[in-house]
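So the chains spell out like this:
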Amino acid sequence: MKIFISFLLLIFSLSSTAGDTAAVSPKPELAIVIDDLGNNMKGTAEMMELPVTLTVAIMPFMPTTKEDAEMANKNGHEVIVHLPMEPKRGKRSWLGPGAITTDLSNEEIRKRVEDAIKEVPHAVGMNHHMGSRATENERVMRIVMEVCKKHGLFYLDSKTTGKSAVGKLANEIGVPYVENNIFFDDIYTTAHITKQADRLAEKLVKSERIIAIGHVGITGPKMVSVLKEYIPVYLQKANIVPLSELIPGYELIDEGP
């Protein structure tokens, strides 16, 4: 009888321990990406001072490209290259210098991607600025992925088009990649940014990993204001991490030459 009771106590103890372990589930991970740095845009300095680790996407060949990259690194933020790419709508002049367009030769595309990477100190990854047309083009994106592979960069697909070739080519070539889940400021009003911030808070309850993109520039001061309000909310629900932490085994990636 004593043996039977001891056995029951052991089973109860094990089940209680398992229940406690299950109850303490890890927090979701949230990566906040801020695009369009490098051109002395509104909200840049204030964004850099936020008390969490951001991933900042910095445009190459711009007046404050290197300055912003150095400031981001000094403040503990992660840096990626924000490569301008051809959109389906909008003027090419909006892209800035060194843009990747579908009419360029293979050699010119490769050169521009290489030059862009050299322009942005501390970069560990890449995403695109605009790019709805270019990211659908397999010839163009194959070259972009090959250069990323060479330099050990991961790629963030901002998903500016539903027909992006990034995922297919990244898998084929062996480039680690992740995809954006939500834009904060695809509409420029504070009301919309706040609405998206609320949506993100709701998503954190259901998702293990989320990527959200905002911008400096036109929406920069509004983005900073909303993030200051919502960062405490997000920290209650999730760990805010650099984008590279959402890539399994990223620390093992060959960083290239």
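What counts, and at which threshold
- Residues numbered from 1 in each chain as written.
- Predicted model: local features only at pLDDT ≥ 70, side-chain atom pairs only at ≥ 80, totals over all residues.
- Heavy atoms only, no water.
- Helix = DSSP H or I, 4+ residues; strand = E, 2+ residues; numbered from the N terminus.
- Buried < 20%, exposed > 50% of the residue type's maximum accessible area, 1.4 Å probe, protein only.
- Lys, Arg positive; Asp, Glu negative; His and termini not counted.
- Salt bridge = Lys/Arg side-chain N within 4 Å of Asp/Glu carboxyl O.
- Polar contact = N/O pair within 3.5 Å; in protein donor to acceptor, adjacent residues only side chain to side chain.
- Contact = heavy atoms within 4.5 Å.
- Axes fitted to C-alpha atoms, helices over the stretch in contact; angles between N-to-C directions.
- Parallel < 35°, antiparallel > 145°, perpendicular 65-115°, else oblique.
- Left-handed = near helix turned anticlockwise from the far one by under 90°.
- Nonpolar A, V, L, I, M, F, W, Y, C, P; charged D, E, K, R; others polar.
- Phe/Tyr/Trp six-rings, centres within 6.5 Å; stacked < 30°, edge-to-face > 60°.

## Examining the side chain of Asp157
As for its position among the elements, Asp157 is in strand 5 (residues 154-157). For the buried Asp157, which has no salt bridge, the nearest side chain bearing the opposite charge is Lys159, at an N-O separation of 4.2 Å. A polar atom in the side chain of Asp157 sits 2.7 Å from the side chain of Ser164. In this structure Asp157 touches His128, Ser164, Val166, Val178, Glu179 and Asn180, once residues within four positions along its chain are discounted.

## A short note on the packing of helix 5 (residues 138-151) against helix 6 (residues 166-173)
Helix packing geometry: the angle between the two helix axes and the distance between the axes. Put simply, helix 5 and helix 6 touch, their axes get as near as 9 Å, and they point 45° apart. By the angle between their axes, helix 5 is oblique relative to helix 6. The chirality of how helix 5 crosses helix 6 is right-handed. Contact with helix 5, carried on its side by Glu138, Met141, Arg142, Met145, Glu146 and Lys149, involves Val166, Lys168, Leu169, Ala170, Glu172 and Ile173 of helix 6 and no other residues of that element. Of the residues in the contact of helix 5 with helix 6, the class split is 6 nonpolar, no polar and 6 charged.

## Structural notes on the packing of aromatic side chains
A full pass over the atoms with the stated rule returns 1 aromatic pair. When the centroid spacing of 5.9 Å and the interplanar angle of 35° are considered together, the rings of Tyr230 and Tyr234 count as tilted. Taken together, the positions of Tyr230 and Tyr234, both in helix 8 (residues 220-237) and 4 residues apart, correspond to about one turn of that helix. In this structure, Tyr230 and Tyr234 share a single accessibility class: buried.

## With respect to the environment of Phe183
The residue Phe183 is located in strand 7 (residues 182-183) in this model. Spatially, the C-alpha atoms of Phe183 and Ala197 are 9.2 Å apart, while their sequence positions differ by 14 residues. Once residues within four sequence positions are removed from consideration, Phe183 is found in contact with Ser158, Thr160, Gln196, Ile213 and His215.

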